Amino acid sequence: MSKKQFKAESKKLLDLMINSIYTNREIFLRELISNGSDALDKLYYKSLQSGDSGIKKKDFFIELIPDKDLRTLTIRDNGIGMTKDELETNLGTIAKSGSQIFKSEEISDTSESTDSKAKKAIDIIGQFGVGFYSSFMVSDLVTVTSKAFNSDEIYKWVSSGADGYTVEEIPLNASASSFHKMKSGTEIVLHLKDDKDGENYSTYLEDYTLRELVRKYSDYIRYPIKLGDDTLNTMEPIWKRQKSKVKDEDYNDYYKSKFGDFMDPVRVIRTSVEGVSSFTSLMFIPGHVPFDYYSKDFEKGLTLYSSGVMIMEKCPDLLPDYFNFVQGLVDSQDLSLNISRETLQQNRQLKNIEKNLEKKIKRELEDFLKNDREGYEKFFGNFGRQLKYGLYDDFGIHKDTLQDLVLFYSSSEKKLVTLAEYVERMKDDQKFIYYASGESVDKIDLLPQTEYIKSKGYEILYLTDEVDEFVIQMAQDYKDKQFMSVLSEDMSQDETEEDKAKLAKAEEENKELLDYIKESLGDKVAEVKLSPRLTGSAATITNKGEISLEMEKVLRSMPMADSNQFQAERILELNPDHEVLSIMKKAFYESKAANTDDDKEGSGLSKVSRYANLLYNQALLISGLPIDNPVEFAREINALITENK
Ligand code: ADP
């Protein structure tokens, strides 16, 4: 019997399958079971067409038979079977899906090394499968015996891989195998490779492995998958059952077993969509943060099924990043098993599904917020940061989706509030949505600037999360109300004409002093001015420009080459009514009148300069910013204490 060669492309793919180091070998079982299921579908269709009443769907099965002695795993179905010709053309030529892999852009880029091409090919295979050929990832000898429907002949196809295959006829009575009793069907015997290089092929002979793989990949195949007397698959997906027949408990149990969680989900979202892309989806919002959520290992995505057959465990394209905490699945009959076949079109389809799911999740969260505030706050504690990242991401284009889902702490309500609630409470004369950032609610509460705004009766949002201020800056406004940091100099926009006139007058009166202080501080500050809003404190730091003091703190904490480029433009604001200012003014004019520099002390600075530095440093400390030279600061204070001894 002469050996026949595989077609060129088939051979290439086979080489990849056999030789690559590849971790996802287990999908071969899904592929073979799915082929068996297709063969049963075809037989059923034929029986319907021909009116053959001898064929009964209830007799259909797929069977797994591990044999440890022979080191073989057999996958058998009583589907439509294959003739000699079909064996040759179907298994001798690679399926269209496979050749498509080589035509796909990623692989045909000639600038890449063969190695990285192989890697990519394998990645695609891993995600979508390439049918029968995956057998060679786990076996060194594959025997396919098949009896076509309405034929009495049995043929055997044998191949040990890339060097070709043989096909021979088996006499009907040649074997005692129960296979021969079947009207039609196919039996695939995989002789498993030896365990080596850390690869454990023997595991596919173990009942528990087979059970697990069927549960993982093929649970919802509509024909029984048998192992001995057991049926391994449930056959009816929970998301296909009538809604009224599924209890909350069922969803919870399903979620926990499928997604390996110990806690019930806080929300279950089930939807069915008919249309351009028809699909069913079942999604869950976990009750806690997965242990690897903030690590690189965390993979977002929903499990993707095509008519009940799993084609991808974590399909990332189905979820936007800001909803990456959602777990679940999508089942669509519009997706083919070999999704790479029509990559482009499929992608569009996935995009449609994603858009749809995004809306569903958003609506569910809104409902959650409205009807179970306590539960939502807990959820927000777990995943709120992700929503905030989403608001900030992509230059804020997801604002409409997310702005009503975020919560901030309110100075007046003393709890988390939504932006809508804030705006609802705004006073008639209030132009801005005020916010203040800081390390903690307590610390923000003590800032001189917040005192002032609170004294005017306005509510302030306290931003304590590092991302918060970036988010607010990106969003800019909410329902046409601009956000305004109480720590920013732009705050002056909010003053009355009367206040402004008063302040302008005071600035005029103190101009010489203020200029002198600015000169003393040099580049440390962009401006020195009087503040209308300091009550108790003598001085404070505000900022102008894009980067706020709070952002500067965050940026400083990042491992960047030159964090100094992210310095906020600082403004030293002084309290015109504070005694410190009048004392400084007095000292300034005294030394001016004396027209001497003999006021200079050990540091070589005049008294007013030294005071200016002290005020600047205390303002930094109050704002939670580091001071340049703590030792000098301490020495200056000591000098003050000992001055009048
Ligand atoms: P695909 O399933 O994507 O077409 P495969 O390489 O898995 O590619 O299979 C090639 C063809 O071989 C199938 O289309 C089918 O016609 C035939 N085939 C494979 N397995 C079986 C089976 N168990 N019974 C009948 N025909 C089969």
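Just so it is clear, the structure is predicted and the values come from calculations on it, not from any experiment.

Considerations on the overall build of the protein chain
Right, so step 1: Each helix and strand counted, the protein chain has 21 helices and 22 strands in total.
Right, so step 2: Burial statistics for the protein chain: of 645 residues in total, 51% are counted as buried.
Right, so step 3: Summarising the internal contacts of the protein chain: among those between residues at least 6 apart in sequence, 68% fall at separations of at least 24.
Right, so step 4: Roughly 32,000 Å² of accessible area belongs to the protein chain as shown, and the carbon and sulfur atoms make up 48% of that amount.

Description of the pattern of salt bridges
Any two side chains of opposite charge can pair if their charged atoms end up close together.
Right, so step 1: According to the stated counting rule, one finds 37 salt bridges in the structure shown.
Right, so step 2: The salt bridge involving Lys443 is made with Glu439; its shortest N-O contact spans 3.1 Å.
Right, so step 3: Taking the relative accessible area as the measure of exposure, Lys443 reaches 47% and is therefore partly exposed.
Right, so step 4: The exposed category is assigned to Glu439, whose relative accessible area is 57%.
Right, so step 5: When salt bridges with common partners are traced through the structure, they connect Arg385, Lys388, Asp465 and Asp468 into a single cluster.

A few points about helix α3 (residues 84-92)
The α-helix winds at 3.6 residues per turn, so residues separated by three or four positions along the chain end up facing the same way.
Right, so step 1: Taken residue by residue, α3 has Leu87, Glu88, Leu91 and Gly92 as its buried positions. Axial view of α3: buried residues confined to an arc of 105 degrees, hence all on one face. Turned more than 90 degrees from where α3 packs its buried face, Asp85 and Thr89 sit exposed.

Describing the pairing of strand β22 (residues 569-574)
Right, so step 1: Along β22, 5 of the 6 residues are buried, which leaves the element largely enclosed by surrounding structure.
Right, so step 2: Sheet analysis places strand β21 (residues 539-544) next to β22, joined by 6 bridges and oriented antiparallel. Among the inter-strand pairings, Ala539 is bridged to a residue of β22, identified as Leu574.

Considerations on the sheet that holds strand β3 (residues 139-147)
Right, so step 1: Taken in spatial order, the 8 strands make up an open sheet running β5-β4-β3-β6-β2-β1-β7-β8, and their pairing is mixed. Whereas interior strands pair on both sides, the edge strands pair on one side only; in this sheet they are β5 (165-170) and β8 (230-231).
Right, so step 2: Judged from the 2 bridges that link them, strand β7 (residues 225-227) and β8 form a sheet pairing that is antiparallel. Looking at β8, one finds that Lys226 is bridged to Thr231.

Some points on the confidence of the model for the protein chain
Right, so step 1: Per-residue confidence for the protein chain gives a mean pLDDT of 84, with 85% of residues at or over 70.
Right, so step 2: Scored below 50 in pLDDT, residues 95-110 makes 33 contacts in the model with residues more than four places away or belonging to other chains.

Here's the deal with the side chain of Arg267
Right, so step 1: Along the polypeptide, Arg267 turns up in strand β9 (residues 267-273).
Right, so step 2: Polar side-chain contacts of Arg267 include one of 2.6 Å to the side chain of Asp367.
Right, so step 3: If we ignore the near neighbours within four places in the chain, the residues touching Arg267 are Met283, Phe284, Ile285, Glu364, Asp367 and Phe368.

Describing the packing of helix α20 (residues 607-623) against helix α21 (residues 630-642)
Right, so step 1: The N-to-C vectors of α20 and α21 enclose an angle of 125 degrees; their axes lie 11 Å apart at closest approach. The angle between the axes of α20 and α21 places the two elements in the oblique class. In this structure, α20 crosses over α21, and the sense of that crossing is left-handed. Two secondary-structure elements touch here, α20 through Arg610, Tyr611, Leu614, Asn617, Gln618 and Leu621 and α21 through Phe633, Glu636, Ile637, Ala639 and Leu640.
Right, so step 2: Each residue belonging to the contact of α20 with α21 can be placed in one class, and the counts come to 7 nonpolar, 2 polar and 2 charged.

Focus on unusual backbone geometry
Right, so step 1: Positive phi, normally seen in glycine, also occurs at Lys414, with a value near 60 degrees.
Right, so step 2: Considering the arrangement of structural elements, one finds Lys414 in the loop between β14 (408-410) and β15 (416-417).
Right, so step 3: A positive phi angle, close to 45 degrees, is found at Lys479, a residue other than glycine.
Right, so step 4: The topology assignment puts Lys479 in the loop between β18 (477-478) and β19 (481-485).
Right, so step 5: Note on Lys479: relative accessible area 53%, which makes it exposed.

A look at the packing of helix α2 (residues 27-50) against helix α7 (residues 207-217)
Right, so step 1: For the pair α2 and α7, the least separation of the axes is 10 Å and the interaxial angle reads 65 degrees. The angle between the axes of α2 and α7 places the two elements in the roughly perpendicular class. Crossing handedness for the pair α2 and α7: right-handed. Contacts from Ile27, Leu29, Arg30 and Ile33 of α2 reach α7 at Leu210, Leu213, Val214 and Tyr217.

Details of the environment of Leu405
Right, so step 1: Summarising the element assignment, Leu405 is placed in the loop between α11 (399-402) and β14.
Right, so step 2: C-alpha of Leu405 to C-alpha of Thr418: the two residues are 13 residues apart in sequence and 7.3 Å apart in space.

A look at the sheet that holds β18
Right, so step 1: Here we have 6 strands laid out as an open sheet, ordered β15-β14-β17-β16-β19-β18, and mixed in their pairing. The strands lining the two open edges of the sheet, one partner per strand, are β15 and β18.
Right, so step 2: Here 2 bridges tie β18 to β19, and the two strands are oriented antiparallel to one another. Bridge pairing in β19 places Tyr478 opposite Lys481.
Right, so step 3: Relative to the sheet, helix α14 (residues 448-455) contacts β16 (432-437) and β17 (460-463), its axis offset from that of β17 by approximately 155 degrees.

Some thoughts on the packing of aromatic side chains
Right, so step 1: By the definition in use, this model includes 30 aromatic pairs.
Right, so step 2: Pairing Tyr392 with Phe470 gives two aromatic rings, centres 6.0 Å apart and planes at 80 degrees, and the pair type is edge-to-face. One end of the pair, Tyr392, is in helix α10 (residues 373-392); the other, Phe470, is in helix α15 (residues 468-475), with 78 residues separating them in the sequence.
Right, so step 3: On the numbers, 5.4 Å between centres and 20 degrees between planes, the contact of Tyr434 with Tyr458 is stacked. With Tyr434 in strand β16 and Tyr458 in the loop between α14 and β17, the pair connects residues that are 24 residues apart, well separated along the chain. Just as Tyr434 is buried, Tyr458 falls in that class too.

Looking at the environment of Leu621
Right, so step 1: The residue Leu621 is located in helix α20 in this model.
Right, so step 2: Taking the relative accessible area as the measure of exposure, Leu621 reaches 45% and is therefore partly exposed.
Right, so step 3: For Leu621 and Thr540, which are 81 residues apart along the polypeptide, the C-alpha to C-alpha distance reads 9.4 Å.

A word on the side chain of Ser135
Right, so step 1: Structurally, Ser135 is set in the loop between α6 (114-128) and β3.
Right, so step 2: Ser135 sits in the buried class, given a relative accessible area of 0%.
Right, so step 3: Not counting residues within four places of it along the chain, the set of residues in contact with Ser135 comprises Phe28, Leu32, Val142 and Leu190.

Observations regarding a nonpolar patch on the surface
Right, so step 1: A cluster of nonpolar side chains, namely Ile637, Leu640 and Ile641, defines an oily patch on the protein surface of about 250 Å² accessible area.
Right, so step 2: You can see Ile641 is positioned in helix α21.

With respect to the environment of Tyr305
Right, so step 1: Within the secondary structure, Tyr305 is located in strand β11 (residues 302-306).
Right, so step 2: On the basis of relative accessible area, Tyr305 is assigned to the buried category, the value being 0%.
Right, so step 3: Along the primary structure Tyr305 and Ser218 are separated by 87 residues, whereas in three dimensions their C-alpha atoms are 9.7 Å apart.

Cut-offs applied
- Residues numbered from 1 in each chain as written.
- Predicted model: local features only at pLDDT ≥ 70, side-chain atom pairs only at ≥ 80, totals over all residues.
- Heavy atoms only, no water.
- Helix = DSSP H or I, 4+ residues; strand = E, 2+ residues; numbered from the N terminus.
- Buried < 20%, exposed > 50% of the residue type's maximum accessible area, 1.4 Å probe, protein only.
- Contact = heavy atoms within 4.5 Å.
- Areas by Shrake-Rupley, 256 points an atom, 1.4 Å probe, with all protein chains shown as cover.
- Salt bridge = Lys/Arg side-chain N within 4 Å of Asp/Glu carboxyl O.
- Arc of directions from axis to C-beta.
- Pairing = 2+ DSSP bridges.
- pLDDT = per-residue confidence, 0-100.
- Polar contact = N/O pair within 3.5 Å; in protein donor to acceptor, adjacent residues only side chain to side chain.
- Axes fitted to C-alpha atoms, helices over the stretch in contact; angles between N-to-C directions.
- Parallel < 35°, antiparallel > 145°, perpendicular 65-115°, else oblique.
- Left-handed = near helix turned anticlockwise from the far one by under 90°.
- Nonpolar A, V, L, I, M, F, W, Y, C, P; charged D, E, K, R; others polar.
- Phe/Tyr/Trp six-rings, centres within 6.5 Å; stacked < 30°, edge-to-face > 60°.
- Patch = residues over 30% accessible without salt bridge, like charges linked within 9 Å, V, L, I, M, F, W, Y side chains within 5 Å.

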